[in-house]
Amino acid sequence: MCDDAFIKTKRRAHFIGTDSHLNAKKSANSRCKPMIPAKLLLVEDELVVAMDVCRRLEAASYIVRGIAITGEEAVAKARELKPHLVLMDVQLQGEMDGIDAADIIRTQLDLPVIFVTANADAVTLSRAEAATPFNFLVKPIKEPELRFSIEMAMHHHATQKQLRAMRDELEMRVELRTAAYRRANAELKNEIARHGETVRALELTRDAALSASRAKSQFLACMSHELRTPMNGILGMTEVLLDGDRTPDDRDCLSVIRSSAESLLGVIDNLLDYANAHSGRILLNPCPFDPRTQLDNLLATLEPLAREKKLALTCEISPEVPVLLIGDPLRLGQVITNLVGNAIKFTSEG
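Everything in this summary refers to the structure shown in the same document. (Residues numbered from 1 in each chain as written. Predicted model: local features only at pLDDT ≥ 70, side-chain atom pairs only at ≥ 80, totals over all residues. Heavy atoms only, no water.)

1. Quick look at the pattern of salt bridges
Counted under the stated rule, the structure contains eleven salt bridges. A salt bridge links K77 to E73, with the shortest nitrogen-to-oxygen separation between them at 3.6 Å. Of this pair, K77 and E73 both sit in helix α3 (residues 71-81), four residues apart, roughly one helical turn. Here K77 matches E73 in class, with each residue buried. Its salt-bridge partner being R167, residue D168 comes within 3.6 Å of it at the nearest N-O pair. (Salt bridge = Lys/Arg side-chain N within 4 Å of Asp/Glu carboxyl O. Helix = DSSP H or I, 4+ residues; strand = E, 2+ residues; numbered from the N terminus. Buried < 20%, exposed > 50% of the residue type's maximum accessible area, 1.4 Å probe, protein only.)

Below is the structure:
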């Protein structure tokens, strides 16, 4: 056991010396070459193999940053030296073999790994394949195969890294665009909610206006019916007085009273019509009537207004107009009263 410990300590010293020697040659090579060569970490527990691989790598213009003989040392040096690639022997000394060390280096440090093996049992090879290294190199390593594998591994790793960066950037852009869409959707929902509140407020206002209009129409209808009763009494008493013996002057006065009462009754009917119009219940009552008599009675009620403004109010009916018409004399009277009343109101002379 002491001999084994001595051999291991001596081997360790050889590796340290080799590291210093390689670092010196690496500095000289870096001064001579304008391009920065690839920096490698070699993990190999056989001194002869390690020296042979180092020589071949340096001959191919690569830089060996360090050599490790155990899996633990390989992980530590990979963290410290940050190489571009790791050449990893599958079977190593210590508790951590090359497969476990490669898994940590690939997942935590994002470094490409190439496995190097001479012979291994089926279980070890199955674990190595499951670790998905970039390639397997079989000892003894051929230089063209070594250079090709290193170049392809570094190119593949750089491409994958670039693809991951592009994917991350694309995901970030998608996330930003999605966040913008979410904000726009939230604003749209808020706008729809405000619109709904506005519509509900308008509906309440409309219902209140309709309710007020119905109340007004009911009030006008009620007042119109209440006013018609005394007006009918006035017209009835006027007719009774006209049936008796009266002087011409009294008859003229009673006729004016009757015409005025009929006009006032027409105003009351207009109020009732207004109420019915708001409720959509305007009806016509057609009956036979004499247009000349109807117009004479209407103008008789409007003549005092014209006389006050010193206007001449006359009525001419064409002979072609029939003596008897079928229609609604009340509606006709409303139209003519409005037209003639406005004419008197807005006429200064004539």
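What follows continues from the structure just given.
2. Notes on the sheet that holds strand β4 (residues 113-117)
If you walk across this open sheet you meet the five strands as β2-β1-β3-β4-β5, and the pairing is parallel. At either margin of the open sheet sits one strand with a lone partner, and together these are β2 (63-68) and β5 (135-138). This sheet shows a mean twist of 25° between the axes of neighbouring strands, independent of strand direction. Across five bridges, strand β1 (residues 39-43) lies against β2 in parallel orientation. (Pairing = 2+ DSSP bridges. Axes fitted to C-alpha atoms, helices over the stretch in contact; angles between N-to-C directions.)

3. A word on the side chain of S149
Within the secondary structure, S149 is located in helix α6 (residues 143-243). Every residue in contact with S149, bar those within four places of it in the chain, is listed here: I114, F134, N135 and L137. (Contact = heavy atoms within 4.5 Å.)

4. Looking at helix α2 (residues 47-59)
The end-to-end C-alpha distance of α2 is 18 Å, a good match for the 18 Å that 13 residues give at a rise of 1.5 Å each. Trailing α2 by a residue or two, S61 shows a phi angle of about 70°, which is positive. (Expected span 1.5 Å × (residues − 1).)

5. Brief notes about the packing of helix α8 (residues 291-308) against helix α9 (residues 329-345)
Where α8 meets α9, the axes come as close as 10 Å, and the angle between the chain directions of the two elements is 25°. The angle between the axes of α8 and α9 places the two elements in the roughly parallel class. As for how α8 packs across α9, the hand of that crossing is right-handed. Judged by residue contacts, Q294, L295, L298, L299, L302, L305 and A306 of α8 engage P329, G333, I336, T337, V340 and I344 from α9. (Parallel < 35°, antiparallel > 145°, perpendicular 65-115°, else oblique. Left-handed = near helix turned anticlockwise from the far one by under 90°.)

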